[in-house]
Structure formats: structure tokens, C-alpha cells
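# Overview (structure and organization)
Here's the letter readout for the chains.
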Amino acid sequence: MTSHSRSARFSVNRPKVYDRLSEDDVVGALRRMHRIRRFEEAAEDSYIRGLSYGTMHLSIGQEATAVGACMPLGDTDYVTSTHRGHGHCIAKGAELKPMFAEFLGREGGYCKGRGGSMHIAEPAKGNLGANGIVGGGLPIAVGAALSAKKRRTGAVALAFFGDGANNEGAFHEALNLASIWKLPAIFVCENNQYAMSMAMTRATAVANVADRAAAYAIPGVIVDGNDFAAVAEASFAATERARAGEGPTLIEAKTYRTRGHSRSDRNRYRSREEIDAWKARDPIARFEAEIVALGLVAEARVAEIAAEVEKEMTEAAAEASASPWPSAADVLRDVYSPVERARP
């Protein structure tokens, strides 16, 4: 297909969300998608070389969902994350150096090395933290949304969760309360087809997670999670509904993780053909092709962004590795809240 025919195809089907976004917005979105990919590739390499410990849960292949969902959000809006949360943190504005320092357990990390891969948080950017409990972020987001409504701040709370969480009681309780109280909440299911090794088709009675929205009288929206524009458009609509006092929305983004559930996953439950088919729908390559064909960003600029992020990640990894380890003398720091002195 020639560049002219690609341009013609995209111009006919130009997603409406691009009418909302400036060139800087689009470039910023692409930069964050590359940052997520390079961070996780660097994290994987670090683990393989024995420079980090424990395990990790990579979201390579899901970048469009994280970045698209966060497009309407500002620093005063909230997100809650999951055990597969690196992408959510970066999409919400986290920088690579303190992210990587946290991943390595160093003092220079966002949580001073205490959180590690699964528990990175940055309240200053509205990131209330990743969560190792399946569905654990949903009630937290409801609480944040209730607080925003009571204080009339205009903020919204967006909860990321995986398809496995839609069978947890916390999912149903969170949607029910948010609907009853018309809270400014957005529930984004990253349906990557598997809860660990369990296919959603074998674990969930309904065909789509979004079908469950009807039980709580809220909109249920299904989007292609590898299509940045589709995710962003759904998130803008849900955010506007939430800020207008009309209540929550459930968005199901159908996507795929091209790596295993964690580093210990041997991938015996899915075929190489299935993984390769999803890799062919890579969200970053797809986004780049679209914005170039639409004339939103020059092809040369797209290449520059990838190179800039590569340099940024290299520098971030080096600086993070030089950050000191936490001191044993501080093992109880931030574990307990400070004791307030009794007033005379």
C-alpha cells in the first residue's frame, strides 16, 4: 500500500478524538507509549542479568490502553493500578529515573525503594499506587471519587483492573456503590484475555466484561485496546460524564500482553501463533502509522521520539543503578505514622 493510499484511508476514517488533541498532545502520547515499552524492556533485561530480584508483571503490548485512558486526566485526577502497573504509572506522568530506581529497590525511587515493581505510587501526580491484590484498586478508586464529590473538586478517579478482577466481589461492590452515589469514577478493564493462565472464556459467564455494566445501570463500552484513538475517545466521554455528575462508566479495552503473566510463566497455555498474531497488531507501530498518515506528526519526528526515549532510558537506568540502597537503620521509616506530641 502506498503512502498516498494509507493517507486517504486514514483521512476518511479520521478518529474524532484527534480534534481534541494538539500536536504536542499526540507527540506526548507517543513518547509515553515508548517510555512504557523501553522501561519494561529495560526491567526485563535487568532481571535476566540478575540486577533485580523477585518477579515482575510486564504490560508489553498494552501501551495504548494505559496512555489512551489517561489522556483526559490531569494531576488532580486519580488513578489506581494493578500488579501489572508500570504502564499506568508512566501514563499518569511518572518519570523514568525514579521509576527505575524504585524497580531496583533504591533510595531514589518514588517510594524510596520500599514499593518495588508492584507497589509504585506517586500521589503528587494522582497515582494512588499499584496493587498486588486482584481487584484491590477498585474500592480505593471509589473512595477517591467519593472524596472528590464531597469536596467538589471536579476530580475523577480512574481504576485500572484486569479481566480476572471482574469475578471478584470488590468489582461488583465498587460498581454498585459508584452507580448508586453517581460518583465521578471510571472503571477501565484491561482485558488481555488471560487471568494468569486462565482464559476469560473459561472463567466468566458473559462474553464481555462490559456486559456487566447493565446490572449497575451504567454505560458499558467495548474498545480495541490496541487502538490509542479508540481508548482515548472512550475515556474522554467517560470523564466528561463523570465531571458532569452523571456517574461512572465501565470501559473494556480488549488487548494482549505479549509476555507471560510474570517472569515465572512458561506460556504453555497459549500458542506461538496466537502471540505472533497479537504482536502483528502492536499498538505503538499502529499509532505511529496512523498519526503519520493523518499528517499529525512528521515521520522523521516519530523516529526522533523513539531515539530520544532510548537515550532517556539509558540515562535513567544508569542513574537509578547509582542510587544508594536503603539503610538498614531506616527499616521502620514510613511504616508507622508519626506520633503527634500531646498539646500542653
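### Concerning the packing of helix 6 (residues 137-151) against helix 7 (residues 169-180)
Packing of helix 6 against helix 7 leaves a shortest axis separation of 8 Å and a crossing angle of 15°. As far as their axial angle goes, helix 7 and helix 6 are roughly parallel. Relative to helix 7, the crossing made by helix 6 is left-handed. Contacts between helix 6 and helix 7 involve Leu138, Pro139 and Val142 from the first element and Ala170, Phe171, Ala174, Leu177 and Ala178 from the second. Across the contact of helix 6 with helix 7, the residue classes break down as 8 nonpolar, no polar and no charged.

### Some points on the packing of aromatic side chains
In total, this model carries 7 aromatic pairs according to the counting rule given. An angle of 40° between the planes, with centres 4.5 Å apart, marks the rings of Phe228 and Phe287 as tilted. Highlighted residues: Phe228 in helix 9 (residues 228-243) and Phe287 in helix 11 (residues 283-293), separated in sequence by 59 residues. Of the residues examined, Phe228 reaches a relative accessible area of 2% and is grouped as buried. On the accessibility criterion, Phe287 (2% relative accessible area) is buried. Ring centres 5.0 Å apart and planes at 5° place the aromatic pair Tyr256 and Trp278 in the stacked group. In this pair, Tyr256 is assigned in the loop between strand 7 (249-254) and helix 10 (272-279) and Trp278 in helix 10, connecting sequence segments 22 residues apart. We classify Tyr256 as buried; its relative accessible area is 1%. The lysine or arginine in question, Arg106, covers the ring of Trp325, its NZ or CZ lying 3.8 Å from the ring centre.

### Observations concerning the pattern of salt bridges
Tallied over the entire structure, the rule returns 27 salt bridges. One salt bridge in this structure joins Arg38 and Glu310, with 2.6 Å as the shortest N-O distance. Note that Arg38 is positioned in helix 2 (residues 23-48) and Glu310 in helix 12 (residues 299-322), a separation of 272 residues in sequence. With relative accessibility at 35%, the residue Glu310 sits in the partly exposed group. Close ionic contact of Asp276 with Arg272 constitutes a salt bridge, the shortest N to O distance being 3.6 Å. Here the residue Asp276 and the residue Arg272 both occupy positions in helix 10, the gap between them amounting to 4 residues, near one helical turn. With relative accessibility at 37%, the residue Asp276 sits in the partly exposed group. Taken together, the salt bridges that share partners define one network made up of Glu107, Arg114, Asp330, Arg333 and Asp334.

### Points about the sheet that holds strand 3 (residues 185-191)
The strand order across the open sheet built from 5 strands is 1-2-3-7-6, with neighbouring strands paired in parallel fashion. In the strand order of this sheet, the two ends are held by strand 1 (78-80) and strand 6 (220-224), each with one partner. Pairwise comparison of adjacent strand axes, ignoring direction, gives a mean angle of 20° for this sheet. Here strand 1 pairs with strand 2 (residues 157-162) via 3 bridges, running parallel. By the bridge assignment, Thr80 is partnered in strand 2 with Ala159. On the sheet, helix 6 packs against strand 1, strand 2 and strand 3 and is oriented at approximately 170° with respect to strand 2. Sitting on the sheet, helix 7 is in contact with strand 2, strand 3 and strand 7, with an inclination near 150° to strand 3.

Rules behind the numbers
- Residues numbered from 1 in each chain as written.
- Predicted model: local features only at pLDDT ≥ 70, side-chain atom pairs only at ≥ 80, totals over all residues.
- Heavy atoms only, no water.
- Axes fitted to C-alpha atoms, helices over the stretch in contact; angles between N-to-C directions.
- Helix = DSSP H or I, 4+ residues; strand = E, 2+ residues; numbered from the N terminus.
- Parallel < 35°, antiparallel > 145°, perpendicular 65-115°, else oblique.
- Left-handed = near helix turned anticlockwise from the far one by under 90°.
- Contact = heavy atoms within 4.5 Å.
- Nonpolar A, V, L, I, M, F, W, Y, C, P; charged D, E, K, R; others polar.
- Phe/Tyr/Trp six-rings, centres within 6.5 Å; stacked < 30°, edge-to-face > 60°.
- Buried < 20%, exposed > 50% of the residue type's maximum accessible area, 1.4 Å probe, protein only.
- Lys NZ or Arg CZ within 6 Å of the ring centre and 35° of its normal.
- Salt bridge = Lys/Arg side-chain N within 4 Å of Asp/Glu carboxyl O.
- Pairing = 2+ DSSP bridges.

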